[in-house]
Each structure stands twice: as C-alpha cells, then as structure tokens.
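Secondary and tertiary structure notes
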Amino acid sequence: MEKYANAFMDAFTGTLSWTWDSILFKVPWYTNYFWGLIVISLVVWVLEMIFPWRKKQSFIRKDFWLDGFYMFFNFFIFSIVISGFYNVLGLLFSDLDIHYKSLAIMDISHLEMWLQLLIFFIVLDFVQWYTHVLLHKYEFLWRFHKVHHSVKEMGFAAHLRYHWMENIFYKPLKTFGVMILGGFEPEQAYIVHFIAITIGHLNHANIKITWGPFKYLLNNSVMHLYHHIKVLPEEKSQGINYGISLSIWDYIFRTNYVPDDNGNIELGFPDEKTFPKGFFGQLFTGFKKQ
Ligand SMILES: [Zn+2]
Ligand SMILES: [Zn+2]
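Let me sum up the structure you'll find in this document. (Residues numbered from 1 in each chain as written. Chains lettered and ligands numbered in written order. Predicted model: local features only at pLDDT ≥ 70, side-chain atom pairs only at ≥ 80, totals over all residues. Heavy atoms only, no water.)

Regarding the coordination of the zinc ion (ligand 1)
Counted only if it meets this: For Na, K and Ca the donor cut-off is 3.2 Å, and for all other metals it is 2.8 Å, counting N, O and S atoms only; because water is absent from this set, sites may look incomplete. Secondary structure elements follow DSSP: runs of H or I no shorter than four residues count as helices, runs of E no shorter than two count as strands, and numbering proceeds from the N terminus. Whether a residue is buried, partly exposed or exposed follows from its accessible area with a 1.4 Å probe, protein chains only, as a fraction of its type maximum: under 20%, in between, or over 50%, in that order.
The coordination sphere of the zinc ion (ligand 1), as far as protein atoms go, consists of His-132 (NE2), His-136 (NE2), His-145 (NE2), His-149 (NE2) and His-227 (NE2), spread over 2.0 to 2.2 Å. For the zinc ion (ligand 1), the single-chain donor residues occur in sequence as H-x3-H-x8-H-x3-H-x77-H. Highlighted residues: His-132 in helix α4 (residues 113-137) and His-145 in helix α5 (residues 139-149), separated in sequence by 13 residues. You can call His-132 buried: its relative accessible area is 3%. By relative accessible area, which is 2% here, His-145 ends up buried.

The following block contains the structure:
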C-alpha cells in the first residue's frame with residue numbers, strides 16, 4: 001500500500017515541479033508546453049486579427065477569457081491533479097504484468113525517426129477521432145462533451161474548452177494506441193504534440209482555412225465549424241466532422257459534411273438554454289442528467 005501512496009505523491013510532486021520549472025524556463029525549450037501553448041496561442045490570435053473570417057466578431061469574442069482559463073486548467077492544473085492517479089494505475093498494471101509492450105502489433109523502432117513520428121501521429125489521431133465519435137454517440141458521454149459544444153462564438157481558445165472528464169475518456173484509447181506501437185513514445189514526440197496543438201487551435205480559429213485539395217487529409221476551420229453547428233442535418237443527426245487533426249477518417253467513414261463556407265452558422269446544441277454558462281457550473285455538469 002505504501003508503494004502506491006509513494007507512487008501517487010512522486011507523480012503529483014513531480015508534475016507540479018515540472019510545471020513550475022516550465023514557467024521559469026528551467027526545462028528544455030522544446031518540452032516547454034507552458035510557454036509553447038502561450039506562443040502558439042498568441043500567433044494564432046494575431047492571425048485571427050489580421051485575417052478574420054467572420055469580420056464582425058470581436059478579437060475578444062464571447063467567452064474568450066473563460067476559454068483562456070480552460071486552456072490552462074485542462075493542460076496544467078488537471079494534469080497535476082490526475083498525475084498521481086495515472087501513476088498508481090500504471091504501477092497496478094505492471095504488478096498485474098500488463099506492460100505497454102503486451103499488445104504490440106507493430107514494431108516501428110527500426111524505421112527512420114520521421115516515419116516513426118508520422119505513424120505515431122496517425123495512430124493517435126485515429127484513436128482520438130474514434131473516441132470523439134463515442135462522445136457524441138452515447139448520452140452519458142455527450143453530457144460531458146456538451147461543454148466543448150457550448151461555444152457560441154468560435155475562436156482559437158475554444159479548442160481547449162472541454163470538461164476535465166474528457167481527459168479521462170480519451171486516455172484508454174490513447175494508451176491503447178501507444179500499446180499497439182509497443183509503447184512507442186520517443187522524446188521527439190513533442191513535435192507531434194506541438195503540431196497537434198497548432199492544428200487544433202487553427203481548426204477553432206476565426207480564420208478561414210480549407211487547405212484546398214488537402215482538405216480530404218487535414219481537418220480545417222471550415223469543416224470543424226460545422227462540427228459545432230447547433231442543428232445537425234437530418235441525414236447525419238448523430239454528428240458530423242469528428243476529425244481532430246486529420247479529416248480523412250470522416251471522409252472514409254462518411255461522417256463528413258461541409259455544405260458551405262461562409263462561416264455564419266449558429267453554434268451550440270438544441271437544449272443549451274439550461275446549460276451552465278460559467279466554469280464552476282460546468283465543472284460538475286455531466287454527472288447527472290440535465
Ligand atoms: Zn464534438
Ligand atoms: Zn471543437
């Protein structure tokens with residue numbers, strides 16, 4: 001028991017001090033997610049100001065600061081709180097002799113590093129796409145995912161407005177993805193994570209991006225805006241455009257829907273009137289039926 005308590009505290013204090021060191025620039029720059037997130041956010045925000053898609057939308061749009069807070073809450077505060085639990089879970093699995101390598105069906109360690117990273121990116125994106133489908137499919141998951149869909153005016157910071165339970169929902173399939181690759185997560189994985197953050201920010205930004213013919217491969221702000229549409233088309237009433245970084249999964253599984261690109265559609269969900277508007281109201285929403 002003491003072993004588990006120690007594992008909990010070690011991870012908790014470790015993540016806390018890593019975050020603090022990141023704030024103080026005491027970690028290698030390429031692993032500094034704290035300042036990395038700020039730099040990416042500022043760059044995309046400036047791009048929103050220079051190339052606004054919905055011209056009438058203010059630079060500091062509705063719920064801008066709420067979303068800004070969510071970015072730090074989900075990325076750092078929640079990570080610190082949950083780190084102890086995950087470490088205990090990892091220890092429990094290794095005591096049960098379940099390791100990252102137990103499910104390995106692909107050994108990619110002999111490939112060139114860029115190719116390893118590309119495979120890692122694609123596998124991780126697919127498992128997240130599928131998790132996102134589940135968040136829409138099952139009512140008990142949708143109750144939490146509604147937080148992300150409560151955005152009424154879209155901008156880059158909305159990317160990280162989501163209920164903290166989503167971190168937990170995404171974890172098993174992400175871990176599964178890493179296990180398939182034999183526990184592959186090299187130090188260079190930071191490149192993949194930073195690319196994913198940037199694409200996610202751009203998908204939510206008030207900038208019209210379609211990527212031209214690459215739209216069948218890469219998710220984009222036009223496609224993702226429709227993911228947030230308040231009233232879904234009748235023929236796709238469960239959900240559309242689930243893509244995270246890649247759009248290809250939606251085209252393969254026919255969940256794609258982009259009828260227009262003018263950007264002026266109503267966002268939200270049908271029963272949003274009674275949904276809590278502030279952070280604390282949303283913190284424990286989802287655990288009971290509305
Ligand atoms: Zn969604
Ligand atoms: Zn979104």
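The rest of the description comes next.
Looking at the pattern of salt bridges
What counts, and what does not: Salt bridge criterion: a side-chain nitrogen from Lys or Arg within 4 Å of a carboxyl oxygen from Asp or Glu.
Counted under the stated rule, the structure contains 11 salt bridges. In this structure, the salt-bridge partner of Lys-152 is Glu-272, at a minimum N-O distance of 2.8 Å. Placement of the pair is Lys-152 in the loop between α5 and α6 (164-180) and Glu-272 in the loop between α9 (248-252) and α10 (279-283), with a sequence separation of 120 residues. Given a relative accessible area of 27%, Lys-152 falls into the partly exposed group.

Examining the packing of aromatic side chains
How two aromatic rings sit relative to each other is set out by the distance from centre to centre and by the angle between their planes. Our working rule: Pairing of aromatic rings covers Phe, Tyr and Trp, the last counted by its six-membered ring, and requires centre-to-centre distances within 6.5 Å; plane angles under 30 degrees mean stacked, over 60 mean edge-to-face, and any other angle means tilted.
What the rule picks out here adds up to 33 aromatic pairs. Ring centres of Phe-64 and Trp-65 lie 4.8 Å apart, and the angle between their planes is 90°; on these two criteria the pair is classed as edge-to-face. Relative accessible area serves as the criterion here: at 7%, Phe-64 is assigned to the buried category. Chaining the aromatic ring pairs together yields one cluster made of Phe-25, Phe-34, Trp-35, Phe-72, Phe-75 and Phe-76.

Considering helix α2 (residues 33-50)
Test applied: In a helix, the anticipated span is given by 1.5 Å times the number of residues less one. Think of it as the arc spanned by the lines of direction from the helix axis to the C-beta atoms. Throughout, a residue-residue contact means that at least one pair of heavy atoms, one from each residue, lies within 4.5 Å. Pairs of N or O atoms within 3.5 Å make up the polar contacts considered here, provided that, within protein, one atom can donate a hydrogen while the other can accept it, and that residues adjacent in sequence are counted only when both atoms are side-chain atoms.
Along its 18 residues, α2 runs 25 Å from first to last C-alpha, staying within 8% of the 26 Å computed at 1.5 Å per residue. Residues of α2 that are buried include every one of Phe-34, Gly-36, Leu-37, Ile-40, Ser-41, Val-44, Trp-45 and Glu-48, and no others. Buried residues along α2 cover an arc of 165° about the axis, so they all sit on one side. Where α2 is buried, its residues meet α1 (2-23), α3 (64-95) and α7 (189-204). Two or three places before Phe-34, at the opening of α2, Asn-32 has a side-chain oxygen 3.3 Å from that residue's backbone nitrogen.

Looking at a nonpolar patch on the surface
Which entries qualify depends on this criterion: Surface patches are drawn from residues lacking salt bridges whose relative accessible area is over 30%; two like charges belong together within 9 Å, two nonpolar side chains (Val, Leu, Ile, Met, Phe, Trp, Tyr) within 5 Å. All accessible areas in this document rest on Shrake-Rupley with a 1.4 Å probe, and a residue is counted as covered only by the protein chains that are shown.
Together, Val-46, Met-49, Ile-50, Phe-51, Phe-59, Ile-60 and Trp-65 make up a nonpolar patch on the protein surface, roughly 730 Å² of accessible area in all. Top contributing element to the nonpolar patch by residue count: α2, with three residues. Positionally, Ile-50 belongs in helix α2. Classification of Ile-50 by relative accessible area gives exposed; the value is 54%.

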